[in-house]
Each structure stands twice: as structure tokens, then as C-alpha cells.
Amino acid sequence: MDEEVIPILRVADAAAAVRWYARLGFAVQWEHRFEPGLPAFVEVARGRVRLFLSEHTGDARPDTLVYLRVADVDAVAAEFGVRVEEAPWAREVELRDPDGNRLRVGTPRPAE
């Protein structure tokens with residue numbers, strides 16, 4: 001098994017969050033509720049990148065910042081209608097999900 005880190009993001013409505021993250025290319029892997037009507041805990045993935053989206057109030061705080069490296073930041077910028085910013089290390093956009101979590105999405109600059 002490969003070791004990995006999976007950020008947990010607090011969301012108020014997991015279904016709405018899943019729809020938003022689908023725009024970034026994430027797909028639902030599984031969802032868990034202890035009982036019907038209780039908060040959801042969902043895993044979404046984009047290739048080998050995974051996020052946990054949790055409706056549980058104690059799991060995480062809103063306004064978390066996650067950095068996502070992608071092959072084509074221009075496609076992400078087009079999907080969300082934002083402008084790509086030029087940084088010394090990458091070309092980037094910054095997005096906020098419906099719950100206020102921040103995602104900085106970037107394509108690294110080639111090594112010189």
C-alpha cells in the first residue's frame with residue numbers, strides 16, 4: 001500500500017459539495033452515514049488525489065486551504081471562469097467551494 005495524506009474538508013451539504021468537486025474532475029468513491037438522516041462522510045477522488053468531505057461538525061473547520069497540482073490549470077480556470085495567475089513556482093487559480101474551503105490549483109512551472 002502506498003502511504004498518502006487525505007485532507008478532510010467540512011461541508012454543510014455533501015451532495016452539493018460532490019457536485020461542485022465534480023467540476024474539478026472528482027468522482028464519488030463511497031459515502032458513509034451511521035444511520036439514515038445522520039451526517040454524511042464522502043470520499044471523492046481525481047486519479048490518485050483523494051479528499052474526504054464531512055458533514056460532521058467536529059471533523060474540520062471551514063476556510064481550510066488545500067493545494068492541488070494539476071496538469072492543465074487552464075482547463076480548471078475555464079470551467080470556473082477565473083483568470084490564471086502567474087507565480088514563480090506555478091500558474092495558479094484560487095477557488096472557494098460552496099462551504100468556503102479554499103483550493104489553490106496550479107500547474108508547476110518546468111524546471112530550468
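Above this text sits the structure in question.
So, how was this worked out
Residues numbered from 1 in each chain as written. Predicted model: local features only at pLDDT ≥ 70, side-chain atom pairs only at ≥ 80, totals over all residues. Heavy atoms only, no water. Pairing = 2+ DSSP bridges. Helix = DSSP H or I, 4+ residues; strand = E, 2+ residues; numbered from the N terminus. Axes fitted to C-alpha atoms, helices over the stretch in contact; angles between N-to-C directions. Contact = heavy atoms within 4.5 Å. Buried < 20%, exposed > 50% of the residue type's maximum accessible area, 1.4 Å probe, protein only.

A. Seen up close, the sheet that holds strand E3 (residues 41-46). Taken together, the four strands give an open sheet; going across it, the order is E1-E4-E3-E2, and neighbouring strands pair in mixed fashion. Of all the strands in the sheet, the pair left with one neighbour each is strand E1 (8-10) and strand E2 (27-32). Looking at each pair of strands side by side, their axes are set apart by 25 degrees on average, direction ignored. Relative to strand E4 (residues 49-54), E1 runs parallel, the two sharing three bridges. Looking across to E4, one finds that Arg10 is bridged to Ser54. Taken strand by strand, helix H1 (residues 14-22) contacts E1, E2, E3 and E4, and its axis lies near 155 degrees from that of E4.

B. Seen up close, the pairing of E3. Extensive coverage of E3 is indicated by the burial of five of its six residues. Relative to E4, E3 runs antiparallel, the two being bridged by six bridges. Among the inter-strand pairings, Glu43 is bridged to a residue of E4, identified as Phe52. Counted between consecutive antiparallel strands, the loop separating E3 from E4 contains two residues, among which Gly47 sits at a positive phi close to 60 degrees.

C. Spatial organisation of the sheet that holds strand E5 (residues 65-69). Taken in spatial order, the four strands of this open sheet run E5-E8-E7-E6, and their pairing is mixed. Edge positions in the open sheet fall to E5 and strand E6 (85-86), since each of these has one partner strand only. Here five bridges tie E5 to strand E8 (residues 102-108), and the two strands are oriented parallel to one another. When the bridges of E8 are listed, Leu68 appears paired with Val105. Across the sheet, helix H2 (residues 73-80) lies against strand E7 (90-96) and E8, angled at about 30 degrees from E7, the strand it touches most.

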